[in-house]
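# Structural characterization, general
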Amino acid sequence: MEINGVTVSILLFGIALLGLILRRDLVVKLLALGLINSSTILCLVSLHARPDGAAPILQTPSGPEIVDPLPHAMVLSAIVINFAILALALVFVMLLVERYHTTDSQRIERETSEEERS
Amino acid sequence: MTRSASRIRLLPAAILLVGAFCAALWLTFDYAGPGEPDIARWIDTAHTTGSINVVSAIYLNARLFDTLLEVLVFSVAVLGVRFYLDERGRRESVESIPESHVLRLSSDLLLPLILLLGIYLTVYGHLSPGGGFSGGAAAGTGLLLAAIALGADSVAQRFHESILERVEWAILLCVFFLAGISAALGRTPLTDLLPPGTPGRLASGGSILLYNILIGAKVFIGTWVMIHHFIQHRGEI
Amino acid sequence: MILALFPLLRFALGVLSIAWGRGRRILLIASHVVDAVLISFLAAALHSGRVTTLILGGWERGLGIALVGDRIGLTFAALAWGLSVAISFYTLNRALRPYFYMLLHLLIGACYALIFTKDLFNAYVIFELLTLTSFLLVGYERRPGQIWASLRYLVLASLGMGIFLLGVAVTYYHTGSLDLDVIAVRVAAAPDAGWIPLAAALLVSGVAVKAGVFSFSLWLPSAHSLAMPAVSALLSGLVIKMGVVELFRLSDVFPLDFTLVVLGSMTAAFGIVYAVASQNAKRMLAFSTVAQIGYLLIGFGSGTVAARLGALDYAVAHGLFKALLFLAVGEAALVTGTTDLSELTARRDAIPLSTRAALLVGTLGIVGMPPFAGFAAKCVIECGIQRSAVHAIVALISVGTTVAFARFLPLFRRRGPWIDVWNRLAAYAWLGGAVLLFLPLSRTMVPRSIWSESLNGLAFVEALGAILLGLLIHRLLRGFRIRLPRRIFRIEEGVLVILGGFFLVLLLLRFA
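Reading the values: rules and limits
- Residues numbered from 1 in each chain as written.
- Chains lettered and ligands numbered in written order.
- Predicted model: local features only at pLDDT ≥ 70, side-chain atom pairs only at ≥ 80, totals over all residues.
- Helix = DSSP H or I, 4+ residues; strand = E, 2+ residues; numbered from the N terminus.
- Rg over C-alpha atoms; globule rule 2.2 N^0.38 Å.
- Contact = placed C-beta atoms within 7 Å.
- Nonpolar A, V, L, I, M, F, W, Y, C, P; charged D, E, K, R; others polar.
- Core = buried A, V, L, I, M, F, W, Y, C linked by C-beta atoms within 7 Å.
- Buried ≥ 20, exposed ≤ 12 C-beta atoms within 10 Å, placed from the backbone.
- Domains from an automatic or database assignment.
- Axes fitted to C-alpha atoms, helices over the stretch in contact; angles between N-to-C directions.
- Parallel < 35°, antiparallel > 145°, perpendicular 65-115°, else oblique.
- Left-handed = near helix turned anticlockwise from the far one by under 90°.
- Expected span 1.5 Å × (residues − 1).
- Arc of directions from axis to C-beta.

## A closer look at the overall build of chain B
- Per the secondary structure count, chain B includes nine helices and zero strands.
- In sequence order, chain B lays out its α and β elements as α-α-α-α-α-α-α-α-α.
- Taking 18 Å as the expected radius of gyration for a compact globule of 237 residues, we find that chain B reaches 23 Å, considerably beyond that expectation.
- Considering only residue pairs separated by 6 or more positions, chain B has 72% of its internal contacts joining residues 24 or more positions apart.

The structure is reproduced here in structure tokens:
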């Protein structure tokens, strides 16, 4: 079992999941969500990385062989999507905090379900 | 249910499931890949499109549809920020941080460099790593620096909100036009109609340069709009 | 060519709706006309036996993104079109901002794009677009309950898509392609490879979060019940089906039949139990959606041609009557000021007659009263199911649905005011007409042989029997209040249950 980018990304994924579940602060949950997506991106990139590979730019004096460029294209999209999700989630967290004056997710949950029932 | 009690119930279940998940991924991950991946087809793709940045050739030509959708995701995000942080809660003026010589001086030096870097990344996106997304994000962050140093209101005065909005929609429509024009001419949709040119020069890569510029402008404006709305809603920077 | 025009034109019209805000209603009507034309072209192509394939950009397979226009595509495109027409009617008189119309266009356009795509990463990006647009639509009215529900939805959907992306990473690493057909070939060449269960479990778990499957979709009841009626109708009728479509596409690649049947059964059981126990009309509808999705998965997982066609048929039928129900209940809740079932019954005099009629038609559809929508599709599914255990589960679902919806019965007595706005009437008429006329409409979709085999006397007896049994059980259970745990609908439990569900799918795939 080697320590490489993939194992690190799985570890980060696990840490982020624990953060998402165990921490009550909404902002920390958002950070955990961002970390989940980032670790997936890390997994995608490091799966196809090679120690002797070159960046996928074609050079005229041909140097070492380039790595697979398709995961890089995927990662570009994934990063932008991650950014968009975090921005919108942050907006909603801001709205909730303004309304309930707390970042505690359990308190918000309780107050929302009380409102729903009444 | 008291807070600590519910958390205690959660903790062992969380550790068990998350640990099992990671273990499942770790242990069942089969590193024996299918052998050497077929990179030659991507090099041929890059040659066909005329750009020497292979990744640009992929996401701005072969898989352009993904990029279109991604630009739409970004636009929806900006739209959402604008809609929810609008009207109520908007402060009239933004308190800026106290005047600092060091900040002012360094931003005077750095801001043109950052903007220039953003433009370089965008325009040379088909010749070196970069592209519209990274260039636009860099330039947008540069505007954030300007907002910190010069005050958000003065930066906002130069970039009127209504004009920015119209430019954004114009850019989106241009992107759709570029993408859809091949369908209108009867060929397969999303084909590149411009000639590839000589690889390595600025005017090469077909429409990749145009897409990079449009996307760069869109991301630049979008990033600034998002940052500005957050600043205005908070009331201070 | 048509395949690419579906999403692209919708996206362009969406952007135009906000650029030219004043013309947003005209653009909406224009989009319906355009879509109708495109659908008829596609139907004509399919009728002559051609399955259209298109690779965007003119590249070859494996380099570009492949779109395919087959029966699944046509079915769901027609559903998407029909529902968007209904929603347009329903919201025509409200002063909704251009922002709403743009989101609506983008949502429908993304649905079109997902229906036709045969590319794994394209599906990922489209799902994210769907998540964002539906999340924004749920929170449109900015009520705190809505905002919290949609934030939960975003977090869980995002997690699901992260898992999906991991699955895409593993699949690409081992097959070297993102195109589903190429992947299917490589999987079939080495079906016992070690990576297949892991990759399939990751992909299925990710999609299941969006599809409304049992343990993955605990965000669904709150999100669907708290949104605006038009948005709930769209979400329950259309967006949920998009996850199901992707599961159908994935089942062409990986051997998912057994997994789908088991997951479907669990989903249906969960949905029915919670639907019967729920006291809130909209929440009950949302749980009923979950149960019907389970039904769809059982049908598709049964593997036979008849069951699969029946599942497609039923997906359309469910979209129609669930949307009708949500629109009608939304109107009723608006007029009476409450969504609680007993309160609705108490204040039923205020509910307009047309809304009650719409409720009646929708209820008849969902309980499977012959000869309406639900019955027609259920026959075809049941004709294709072979194992008797699965038959029993399906029968239980029918009975349970009747028990849950029998609570609408008191609402149909006593006349009410006829006051209703013309556009609501139009929406009800559009959907209700489709539900009532479903039998002849769906004859075009199902071949004659299966049709005549499924529509026999036994099917009638079964359907009516299930309804009667359900009414009886409802009578017996009246007054019983079952309290089921509500803690499972929080974010933390939602994440844990998704992980648990992943292991369940992994186990099921190993046993397949």
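## A short note on the overall build of chain A
- Each helix and strand counted, chain A has four helices and zero strands in total.
- Element order for chain A, N to C, with α for helix and β for strand: α-α-α-α.
- Taking 2.2 N^0.38 as the reference for a compact globule, 118 residues should give roughly 13 Å; the C-alpha atoms of chain A span a radius of gyration of 20 Å, well beyond that estimate.
- Counting only C-alpha atoms, chain A reaches 70 × 30 × 20 Å along its principal axes.

## Examining the interface of chain A and chain B
- Contacts between chain A and chain B engage 32 residues on the former and 36 residues on the latter.
- The biggest single contributor to the side of chain A that touches chain B is helix α3 (residues 70-100) of chain A, with 13 residues.
- When its residues are assigned to classes, the side of chain A that touches chain B shows 25 nonpolar, five polar and two charged.

## Focus: the nonpolar core
- In terms of nonpolar packing, the biggest core is built from 325 residues, with Ala84 of chain A, Val73 of chain B together with Leu324 of chain C touching the most fellow members.
- Residue contributions to this core reach at least three from each of two domains, namely domain 1 (1-32) and domain 2 (45-234) of chain B.
- For Ala84 of chain A, the contacting residues outside a window of four places in its chain are Val73, Phe74 and Ala77 of chain B together with Leu132 of chain C.

## Observations regarding the domain arrangement of chain B
- Assigned domains within chain B: domain 1 (1-32) and domain 2 (45-234).
- Relative to domain 2 of chain B, the C-alpha centre of domain 1 of chain B lies at a distance of 40 Å.

## A short note on the packing of helix α12 (residues 281-301) of chain C against helix α17 (residues 388-405) of chain C
All names here are of chain C.
- Direction vectors running N to C along α12 and α17 enclose 160°, while the axes themselves pass 11 Å from each other. Regarding the angle of α12 to α17, the classification is roughly antiparallel. In the crossing of α12 with α17, the sense of the turn from one axis to the other is left-handed. Counted together, Met284, Ser288, Ala291, Tyr295 and Ile298 of α12 and Val390, Ile393, Val394, Ile397, Thr401 and Ala404 of α17 form the full contact between these two elements.
- When the residues that make up the contact of α12 with α17 are grouped by side-chain class, the tally is nine nonpolar, two polar and no charged.

## Here's the deal with helix α18 (residues 422-436) of chain C
Residue and element names in this part refer to chain C.
- Spanning 15 residues, α18 covers 20 Å between terminal C-alpha atoms, matching the ideal 21 Å at 1.5 Å per step.
- All buried positions along α18 are accounted for by Arg424, Ala427, Tyr428, Leu431, Gly432, Ala434 and Val435. Buried positions in α18, seen along its axis, are confined to an arc of 160° and lie on one side of it.
- In this structure, the buried side of α18 is in contact with α3 (71-91), α13 (305-336), α15 (353-367), α16 (373-384) and α19 (438-442).

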